[in-house]
Amino acid sequence: MKSAFRFTLIVLFGLMTLSVRAQEPSKWNPVKRPCSATVTTNCTPQVNGAGTYIPTAGSGAVGPTGPTGPQGIQGIAGPTGPAGATGPAGPAGATGSAGPTGATGPTGPLGAASGDLAGTYPSPTVGQIHDNLKSMAYAQSPYTVLSTDGYILCDATNGAVVINLPAATGTGREITVKKTDASANACTPTRAGSDTIDGATSYSLTAQYASSKIVDQASASWGRSHVNQLGGDITGISTNNAISTVAGTAVATVKTRSVGMNFDGGGSAIALNKIAYLPAVPFAGTIAAWDMCVDTGTATVDVFKIATGTGLPTASITASATPAIASNNCLHSTAVSTWTTAIAAGDRLAFKVTAVSAATNISISRTVNQ
């Protein structure tokens with residue numbers, strides 16, 4: 001039994017020795033390892049891709065470097081580096097075309113009217129319409145009307161005031177000017193440039209409370225729609241169609257009367273120097289004309305006058321212009337410039353036939369303005 005155990009140990013030892021030697025080819029195995037970059041002795045030279053041998057170290061001089069081999073495959077990308085600083089902004093691009101109009105939005109709630117209107121939209125009512133007042137005086141002359149002025153109160157107490165209107169363009173704008181003081185100084189609206197005001201360059205308000213409304217009625221043309229200051233021989237202002245002041249020569253109320261006499265011959269010719277007397281004239285007046293008729297032939301009749309009293313008129317008042325008919329039946333004449341035409345109340349008149357031919361009826365009268 002001991003012999004068998006010893007035999008087994010010997011066999012195992014031998015096998016282990018053979019295994020170790022198998023791993024040392026340089027000593028025990030005649031087959032050499034291939035040469036490489038790290039194995040340069042006791043190795044078998046290898047053939048590279050170019051067909052040359054890699055020499056064994058120590059076997060000879062190192063040959064020239066071979067050509068660069070092909071590039072290997074790209075390695076994996078490294079990590080992303082940190083972001084750099086933001087560069088300057090580039091120029092703005094051209095504006096794009098406008099987009100289509102959007103749909104109409106819903107109607108908003110109705111608002112309440114204010115100012116000159118009352119109620120709620122869309123059907124407010126007119127509460128009050130008023131002008132914007134502007135008060136101005138001589139110290140502001142010449143005054144240029146502003147777009148907000150509607151009713152201008154002009155005080156010319158210390159001097160005449162000029163009010164320069166804006167250029168007329170036909171907007172229909174209305175401006176009222178009123179003179180508030182009692183002085184004789186005028187408030188004068190004046191045109192702009194070559195405009196006209198009813199064809200004039202200006203007009204003046206000279207009476208206290210006189211006013212006018214002017215309208216921008218067309219390009220370069222203002223028109224007065226209302227002026228309550230009177231003109232011509234009538235001055236001042238009108239109130240309820242009454243005239244306050246009348247200038248010029250006063251005209252008295254004139255009544256025209258006729259004073260006359262009739263001579264009748266009863267079918268026979270009127271006697272020469274026939275005379276007739278009138279009662280006293282009951283009013284004062286002025287002889288303005290005479291009128292005379294004859295039925296046939298010719299006649300001349302003189303007129304006498306005497307002041308009130310008890311005597312008869314014997315003095316002629318006709319001078320060389322005695323009434324006469326020479327070829328007509330009737331004649332009217334105002335040629336009394338040489339007469340004594342004034343008649344006082346109570347004066348007496350007489351008519352005397354100073355020439356006659358064939359006339360059997362003569363009527364004569366004097367026109368007297370009372």
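From a predicted model like this one, the values you see are computed outputs, not experimental measurements.

Caption draft 1: How the structure looks around the overall build of the protein. Secondary structure assignment for the protein yields one helix and 25 strands. Every one of the 370 residues in the protein was classed for burial, and the buried ones make up 24%. For the protein, contacts bridging at least 24 residues in sequence account for 61% of all contacts bridging at least 6. Counting only carbon and sulfur atoms, one obtains 57% of the accessible surface of the protein, whose full area is about 24,200 Å².

Caption draft 2: Structural detail: the state of the cysteines. Per the counting criterion, the structure on display carries two disulfides. Here cysteine 154 engages in a disulfide with cysteine 187; their sulfurs sit 2.0 Å apart. Taking the sign of the S-S torsion, -90 degrees for the link of cysteine 154 and cysteine 187, the bridge is left-handed. Of this pair, cysteine 154 sits in strand β7 (residues 151–155) while cysteine 187 sits in strand β10 (residues 187–190); the two residues are 33 residues apart in sequence, bridging distant segments of the chain.

Caption draft 3: How the structure looks around a nonpolar patch on the surface. Taken together, the side chains of Ile275, Tyr277 and Leu312 present a nonpolar region at the surface, about 260 Å² in accessible area. Residue class for isoleucine 275 comes out partly exposed when judged on its relative accessible area of 30%.

Caption draft 4: Structural detail: the sheet that holds β10. Strand order in the open sheet made by the three strands is β6-β8-β10, with parallel pairing throughout. Where the open sheet ends on each side, the last strands, each with one partner, are β6 (143–144) and β10. Direction of pairing for β6 relative to strand β8 (residues 161–164): parallel, over a ladder of two bridges. Bridge pairing in β8 places threonine 144 opposite asparagine 164.

Caption draft 5: Just the pattern of salt bridges, in detail. The final tally for this structure, using the stated rule, is four salt bridges. Linking lysine 305 and aspartate 347 is a salt bridge whose minimum nitrogen-to-oxygen distance equals 3.8 Å. Taken together, the positions of lysine 305 in strand β19 (residues 298–306) and aspartate 347 in the loop between β23 (342–343) and β24 (348–357) put the pair 42 residues apart, joining distant regions of the chain. Each member of the pair lysine 305 and aspartate 347 is classed as buried.

Caption draft 6: Inspection of the nonpolar core at higher detail. With 26 residues, the main nonpolar core has Phe263, Met292, Val294, Val301, Trp339, Phe351 and Ile362 as its most contacted residues. Mapped onto this core, the elements with two or more residues apiece are β16 (256–264), β18 (285–294), β19, β24 and β25 (361–369). Here this core gets four residues from one element, more than from any other, and that element is β18. Ile152, Ala156, Cys187 and Ile197 belong to the second largest nonpolar core, which has 20 residues in total.

Caption draft 7: Structural context of the packing of aromatic side chains. As enumerated under the stated definition, the model contains zero aromatic pairs in all. Note that arginine 257 overlies the ring of phenylalanine 283, its terminal NZ or CZ placed 4.5 Å from the centroid.

Caption draft 8: Representation of the environment of arginine 191. By the secondary structure assignment, arginine 191 is in the loop between β10 and β11 (196–197). For arginine 191 and serine 202, which are eleven residues apart along the polypeptide, the C-alpha to C-alpha distance reads 6.0 Å. Aside from chain neighbours lying at most four places away, what touches arginine 191 is Thr196, Ile197 and Thr201. Within the structure, the side chain of arginine 191 is placed 3.2 Å from the backbone oxygen of glycine 193, a separation counted as a polar contact. Here aspartate 195 takes part through its backbone oxygen, which lies 2.9 Å from a polar atom of the side chain of arginine 191.

Caption draft 9: Focus on the confidence of the model for the protein. Of all residues in the protein, 74% attain a pLDDT of 70 or more, and the chain-wide mean is 81. For residues 22–29, every residue scores under 50 in pLDDT, and the model assigns this stretch five contacts once sequence neighbours within four places are set aside.

Caption draft 10: Structural context of the sheet that holds β7. Strand order in the open sheet formed by six strands is β5-β7-β9-β12-β13-β11, and the pairing between neighbours is mixed. In this open sheet, the two edge strands, each paired with only one partner strand, are β5 (133–137) and β11. Where strand β12 (residues 211–218) lies against strand β13 (residues 221–227), six bridges are found, and the strand directions are antiparallel. When the sheet's bridge partners are listed, serine 212 is paired in β13 with valine 227.

Caption draft 11: Broad picture of the pairing of strand β9 (residues 174–179). Sheet topology places β7 next to β9; four bridges connect them, and they run parallel. From the neighbouring strand, tyrosine 151 faces β9, where its bridge partner is threonine 176. Bridge count between β9 and β12: five bridges; the pairing is antiparallel. Bridge assignment links valine 177 to a residue of β12, and that residue is serine 212.

Caption draft 12: Structural context of the side chain of serine 333. For serine 333, the position within the fold is in strand β22 (residues 330–333). In this structure, serine 333 is in contact with Ala289 and Trp290, ignoring residues within four places of it in sequence.

Caption draft 13: Local environment of unusual backbone geometry. Of note, the amide linkage connecting serine 141 to proline 142 takes the cis form, showing an omega dihedral of -5 degrees. Looking at the element boundaries, proline 142 is found in the loop between β5 and β6. Although it is not a glycine, alanine 220 adopts a positive phi angle of roughly 65 degrees. Along the chain, alanine 220 turns up in the loop between β12 and β13.

Definitions and limits used
What you see as residue numbers is a count from 1 along each chain, following the sequence as written. Residues qualify for local features only when their pLDDT is at least 70, as the model is predicted, and side-chain atom pairs are given and counted only at 80 or more; totals for whole chains, interfaces and linings, by contrast, use all residues. To obtain the side-chain values, all non-hydrogen atoms of the structure were included, while hydrogens and water were left out. By definition, any uninterrupted DSSP run of H or I lasting at least four residues is a helix, any uninterrupted run of E lasting at least two residues is a strand, and each is numbered from the N terminus. Three exposure classes are used, based on accessible area relative to the maximum for each residue type with a 1.4 Å probe and protein chains only: buried under 20%, partly exposed in between, and exposed over 50%. The criterion used for residue contact is that any of the two residues' heavy atoms lie within 4.5 Å. Only the protein chains shown count as cover for residues, and all accessible areas are computed by the Shrake-Rupley method using a 1.4 Å probe. Disulfide: a pair of cysteine sulfur atoms within 2.5 Å of each other. A patch consists of residues whose relative accessible area exceeds 30% and which take part in no salt bridge; residues with like charges are grouped when within 9 Å of each other, and nonpolar side chains (Val, Leu, Ile, Met, Phe, Trp, Tyr) when within 5 Å. Here a salt bridge means any side-chain nitrogen of Lys or Arg lying within 4 Å of a carboxyl oxygen belonging to Asp or Glu. Only when DSSP finds a minimum of two bridges between them are two strands counted as paired. To define a nonpolar core, start from buried Ala, Val, Leu, Ile, Met, Phe, Trp, Tyr and Cys residues and group those joined through side-chain atoms within 4.5 Å. The rule is short: rings of Phe, Tyr and Trp, with Trp giving its six-membered ring, pair when the centres are within 6.5 Å, and they are stacked under 30 degrees, edge-to-face over 60, tilted in between. As a reminder, the over-ring test applies to NZ of lysine and CZ of arginine, requiring each to be within 6 Å of the ring centre and within 35 degrees of the ring normal. A 3.5 Å cut-off defines polar contacts: any pair of N or O atoms within that distance qualifies, except that in protein one atom must be a possible hydrogen donor and the other a possible acceptor, and neighbouring residues in sequence count only when both atoms are side-chain atoms. Note: pLDDT gives the predictor's confidence per residue, expressed from 0 to 100.

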